[in-house]
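Structural description and commentary
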Amino acid sequence: GENVEQHPSTLSVQEGDSAVIKCTYSDSASNYFPWYKQELGKRPQLIIDIRSNVGEKKDQRIAVTLNKTAKHFSLHITETQPEDSAVYFCAASRGSGGGADGLTFGKGTHLIIQP
Amino acid sequence: GAVVSQHPSRVICKSGTSVKIECRSLDFQATTMFWYRQFPKQSLMLMATSNEGSKATYEQGVEKDKFLINHASLTLSTLTVTSAHPEDSSFYICSANRGRGEQYFGPGTRLTVT
């Protein structure tokens, strides 16, 4: 089955700086890579995703890059703000083609934005 | 769009009893829903895939007779934890597939078994 590794487990950055979280996956058939933000006691919220036919995707301050050859993908947050503080999870699945596959999650990164 | 509700948000039950959790997609139809389990300060682990009109598929190590799943319609899936024990205490979260792999999560159910 799929295995997703995520680093770092904790990331502390100064407000206004950039944050980068990295994930690797093992299943070459995975084709859908979402990122979720989870605040304490709340549901995971989809913040951005990328499919295997794309190398990079950007949405305002958030961007995701994908390297299929190396089987890794990364989340980049620029101009960080206090409200970005949360736990971020990467995930992978084979679901992009229309089939419905469950997500395999990384262990999460606790992002702390220092004022 | 893409709103998923889950009920109840919290439940406390006695050991040996059964608990039913409902997951609804409110503004889209979902032929597939998923059930995850999350322990404190840990990641989400996929338990099973709920398919409308057919049997659920369970991940390795998840007891299908203990965690009963019914996907009665395109907007409703239920998870019943049967004969609950303290080790079943956890945060259970459902998600609904909106298509092309996109999953939207419910708010979760905190189950405590005493």
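This report concerns the structure included in the present document. Because the structure is predicted, anything quoted here is derived from the model rather than measured. As a convention, each chain's residues are numbered from 1 in the sequence order in which they are written. Each chain takes a letter, starting from A, and each ligand takes a number, starting from 1, following the order in which they are written. Whole-chain, interface and lining totals are the exception, using all residues; otherwise, since this is a predicted model, local features are given only for residues with pLDDT of at least 70 and side-chain atom pairs are given and counted only at 80 or more. As a rule here, side-chain values cover all heavy atoms of the structure and leave hydrogens and water aside.

**Things to note about the state of the cysteines**
What makes a disulfide is a covalent bond joining the sulfur atoms belonging to two cysteines. Sulfur atoms of two cysteines make up a disulfide when they are within 2.5 Å. Scanning all chains against the criterion turns up 2 disulfides over all chains. For C23 of chain A, the disulfide goes to C90 of chain A, at an S-S distance of 1.9 Å. Handedness of the C23 of chain A-C90 of chain A disulfide follows from its S-S torsion of about -100 degrees: it is left-handed. Of this pair, C23 of chain A sits in strand β3 (residues 19-25) while C90 of chain A sits in strand β9 (residues 86-92), and the two are 67 residues apart along the sequence. Grouping residues by exposure puts C23 of chain A and C90 of chain A together as buried. Summary of cysteine pairing: C13 of chain B is not part of a disulfide, and the nearest cysteine sulfur, belonging to C94 of chain B, is at 18 Å. Numbering of helices and strands runs from the N terminus, with a helix taken as a DSSP run of H or I at least four residues long and a strand as a DSSP run of E at least two residues long. Throughout this description, buried means an accessible area under 20% of the type-specific maximum (1.4 Å probe, protein chains only), exposed means over 50%, and partly exposed covers the range between.

**What to know about the environment of I47 of chain A**
All names here are of chain A. With respect to the helices and strands, the residue I47 is situated in strand β5 (residues 45-51). Considering only alpha carbons, one finds I47 and H110, 63 residues apart in sequence, at a separation of 15 Å. The residues touching I47, leaving out its near neighbours within four places in the chain, are W35, Y36, K37, D59, I62, L75 and Y88. Residue contacts are defined here by distance: any two heavy atoms, one from each residue, within 4.5 Å place the two residues in contact.

**Some thoughts on the interface of chain B and chain A**
Where interface size is quoted, it is often the accessible area lost as the parts come together. Every contact between the two is made by 20 residues of chain B and, on the other side, 19 residues of chain A. Buried area is understood as the total, over both parts, of accessible area removed when two parts are fitted together, assessed with a 1.4 Å probe. When the two sides are added together, the surface that chain B and chain A hide from each other amounts to roughly 1600 Å², 53% of it contributed by carbon and sulfur. Counted as salt bridges are all cases of a side-chain nitrogen of Lys or Arg within 4 Å of a carboxyl oxygen of Asp or Glu. Here chain B and chain A share 1 salt bridge between them. As a salt-bridge pair, E102 of chain B and R51 of chain A come within 3.4 Å of each other at their nearest N and O atoms. Whenever a nitrogen or oxygen atom comes within 3.5 Å of another N or O atom, the pair is scored as a polar contact, on the condition that within protein one atom can donate a hydrogen and the other can accept it, and that pairs from neighbouring residues in sequence are kept only if both atoms are in side chains. The tally of links between chain B and chain A comes to 8 residue pairs in polar contact (both at pLDDT 80 or more). Breaking the side of chain B that touches chain A down by element, the ones donating at least two residues are β4 (32-38), β5 (44-51), β9 (90-99) and β10 (102-105) of chain B. Residue classes follow a fixed rule: Ala, Val, Leu, Ile, Met, Phe, Trp, Tyr, Cys and Pro count as nonpolar, while Asp, Glu, Lys and Arg count as charged, and any other residue, Gly among them, counts as polar. Looking at side-chain class alone, the side of chain B that touches chain A contains 10 nonpolar, 8 polar and 2 charged residues.

**Observations concerning the nonpolar core**
All names here are of chain B. Core analysis: the biggest nonpolar cluster contains 25 residues, and V4, W35, L79, Y92 and L111 have the highest contact counts within it. Contributions of two or more residues to this core are made by β2 (10-13), β3 (19-25), β4, β5, β7 (67-73), β8 (76-81), β9 and β11 (109-113). Non-local contacts of Y92, meaning those with residues more than four positions away in its chain, are made with Q6, I21, Y36, R37, M47, F67, L79, G108, T109 and L111. Nonpolar cores were defined as sets of buried Ala, Val, Leu, Ile, Met, Phe, Trp, Tyr and Cys residues, with membership established by side-chain atoms within 4.5 Å.

**With respect to the sheet that holds β3 of chain A**
Residue and element names in this part refer to chain A. Strand pairing follows a simple DSSP-based rule, namely that at least 2 bridges must link the two strands. With respect to topology, 5 strands assemble into an open sheet ordered β1-β3-β8-β7-β6, the strand pairing being antiparallel. The sheet is open, and its two edges are formed by β1 (4-7) and β6 (56-59), each paired on a single side. Going across the sheet, the axis of each strand differs from the next one's by a mean of 15 degrees, ignoring polarity. Inspection of the sheet shows β6 paired to strand β7 (residues 62-67) by 4 bridges, in the antiparallel sense. Residue pairing for β7: K57 is matched across the bridge by V64. A fitted line through C-alpha atoms serves as each axis, taken over the contacting stretch for helices, and the angle formed by two N-to-C directions is quoted from 0 to 180°.

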